[in-house]
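Breakdown of the fold
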Amino acid sequence: MYLFTEIYIFIVLNRYCYVARMYHAGMSPTHVQGFLSALEIPSPSSSTIREREREMLQHVEQVATESCSRGIEEEKRLSTNSDGSLSGHIKYDMGWQMRGSGRSYNSASGVGTSIGEKSGKILAYDIKNRDCRLCSLAESGGKKPKEHNCRKNWEGSSKAIEPAAGAANAEKIEQQGLPVNVIIMDEDSTTITKIRTTLQHSVEKWSDMNHIRKHLGNALYAIQKEHKKSLSTGAIKWLQKCFSYAVVQNKGNTELVAKGIKNVVPHAFGEHTNCGTWCNYSADPQNYKHKNTPNGEDLAGDTLKEKLEKVFDQMAKNASKIAPYASTKDVESFNNIVASKAPKSRHYAASESLSGRAACAVAQKNIGIHYLTEVNAKAGLSPGKVFEQHAKAR
């Protein structure tokens with residue numbers, strides 16, 4: 001009982017503290033109330049918690065913004081060329097607060113994140129939001145909304161959110177002295193066009209290999225619908241593996257990557273003239289068999305070959321984007337951190353809550369879980385001895 005009394009006194013005296021912890025743990029005000037009441041500890045009311053949220057928000061966002069600025073300075077240091085010039089390579093992706101079906105995306109909000117390729121730090125993030133609970137309630141009642149910290153900043157479609165956030169991030173980064181020369185992202189042509197238009201200079205685009213593999217897989221499975229007997233699922237996975245080998249073994253060399261990609265289909269159909277050393281056919285032509293085709297035999301069929309060549313030739317045309325073998329895995333990993341603090345099953349975008357939770361995720365990615373100590377310092381709170389011990393143990 002003594003421990004629970006201490007917890008209650010801590011919450012009362014540190015009126016901000018539980019808000020940052022609530023964000024960090026991905027809890028809502030009702031979760032905080034439920035947790036404390038289960039421990040027989042009187043909990044603050046929902047209105048009190050939300051009031052504390054509004055007071056704490058500025059400190060959380062300040063820590064996140066400052067961590068991004070430090071990230072840009074680190075990226076500048078790591079991106080300085082021998083002649084003193086800067087060359088910024090930025091990874092970009094969008095995280096959504098509502099699950100998509102794979103074909104339809106209609107999220108009311110999204111967090112666009114840009115990460116430096118060399119530092120691995122978040123350099124800029126931008127939240128686009130089409131919703132505000134107070135504004136919607138006032139509008140439905142035909143009234144003027146009361147004064148509040150409205151976070152609704154987007155009136156367009158969900159589809160246009162990703163390009164707008166990407167361009168906003170690129171602009172923020174360049175305003176702090178780091179030129180955006182290369183963007184690593186998925187195959188969204190609208191986003192890279194928007195970034196180039198906003199920055200008013202050429203920006204090279206490198207493809208994320210995970211998205212490239214998915215595009216290739218989708219194209220191959222589409223062909224399989226008409227060639228189920230001659231193009232098995234195992235053969236498709238093998239073709240994808242051959243594609244990856246062609247890129248990895250020639251990483252950074254556009255010409256060789258294009259040549260390797262174009263040779264995958266002839267290899268699969270038993271034409272090994274241009275295979276080189278990676279193919280074992282030359283070692284034992286009489287007994288050579290493929291590992292993942294039916295019975296190890298060559299693929300067959302002129303129509304199938306023609307369709308496969310069309311797919312791989314298109315990939316070869318984009319060799320300059322594929323050759324760097326770039327990835328946005330760390331951005332997607334960050335999206336999971338955001339989802340842990342603002343789960344997609346709950347709607348936090350209608351208030352300031354999403355902004356605070358996203359800021360906590362940014363600070364955690366750039367600083368580590370020690371970011372809460374910085375947040376406490378900004379708010380004039382004790383750093384928290386128990387939390388410091390927990391952070392050190394991680």
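Above this note sits the structure.
A few points on the structure.

Conventions adopted
- Residues numbered from 1 in each chain as written.
- Predicted model: local features only at pLDDT ≥ 70, side-chain atom pairs only at ≥ 80, totals over all residues.
- Heavy atoms only, no water.
- Pairing = 2+ DSSP bridges.
- Helix = DSSP H or I, 4+ residues; strand = E, 2+ residues; numbered from the N terminus.
- Axes fitted to C-alpha atoms, helices over the stretch in contact; angles between N-to-C directions.
- Contact = heavy atoms within 4.5 Å.
- Buried < 20%, exposed > 50% of the residue type's maximum accessible area, 1.4 Å probe, protein only.
- Expected span 1.5 Å × (residues − 1).
- Arc of directions from axis to C-beta.
- Parallel < 35°, antiparallel > 145°, perpendicular 65-115°, else oblique.
- Left-handed = near helix turned anticlockwise from the far one by under 90°.
- Nonpolar A, V, L, I, M, F, W, Y, C, P; charged D, E, K, R; others polar.

Looking at the sheet that holds strand β4 (residues 180-185)
- Reading across the sheet, the five strands line up as β3-β2-β1-β4-β5 and stay open at both edges, with mixed pairing between neighbours. Edge positions in the sheet fall to β3 (122-129) and β5 (204-207), since each has one partner strand and no second. Averaged over neighbouring strand pairs, the angle between their axes works out to 25° when direction is ignored.
- Both strand β2 (residues 109-116) and β3 contribute to a ladder of seven bridges, which runs antiparallel. What sits directly across from Ser114, in β3, is Ala124.
- Docked against the sheet, helix α4 (residues 46-78) engages β1 (88-96), β2 and β3, running at close to 140° with respect to β3.
- Packing of helix α6 (residues 161-175) onto the sheet brings it into contact with β1, β2, β3 and β4, and relative to β3 it is tilted by some 145°.

Comments concerning the pairing of β2
- With eight of eight residues buried, β2 lies mostly within the body of the structure.
- As defined by bridge partners, β1 adjoins β2 across seven bridges and the pair is classed as antiparallel. Residue Trp96 lies in a different strand from β2, and its bridge partner there is Gly110.
- Where β2 hands over to β3, the hairpin turn is made up of five residues, of which Gly120 adopts a positive phi near 75°.

As for helix α12 (residues 302-317)
- Given a rise of 1.5 Å per residue, 16 residues ought to cover 22 Å, and the 22 Å separating the end C-alpha atoms of α12 matches this to within 8%.
- Looking at α12, one finds that the buried residues are Leu304, Lys305, Leu308, Val311, Phe312, Met315 and Ala316. Along the axis of α12, the buried positions cluster into a sector of 140°, meaning they face one direction only. What points out from α12, more than 90 degrees from its buried face, is the exposed set Asp302, Glu306, Lys310 and Lys317.
- Considering only its buried residues, α12 is in contact with α8 (209-224), α9 (233-248), α10 (254-262), α11 (264-268) and α13 (319-322).

Examining the packing of helix α14 (residues 329-341) against helix α15 (residues 353-367)
- Running from N to C, α14 and α15 cross one another at 135°; their axes reach a closest spacing of 9 Å. The angle between the axes of α14 and α15 places the two elements in the oblique class. The handedness of the crossing between α14 and α15 comes out as right-handed. Along its contact with α14, which presents Asp330, Phe334, Ile337, Val338 and Lys341, the element α15 presents Arg357, Cys360, Ala361, Val362, Gln364 and Lys365.
- Among the residues making up the contact of α14 with α15, the classes are represented as six nonpolar, one polar and four charged.

Note that every value here comes from positions in space, so none of it alone points to a role or purpose.
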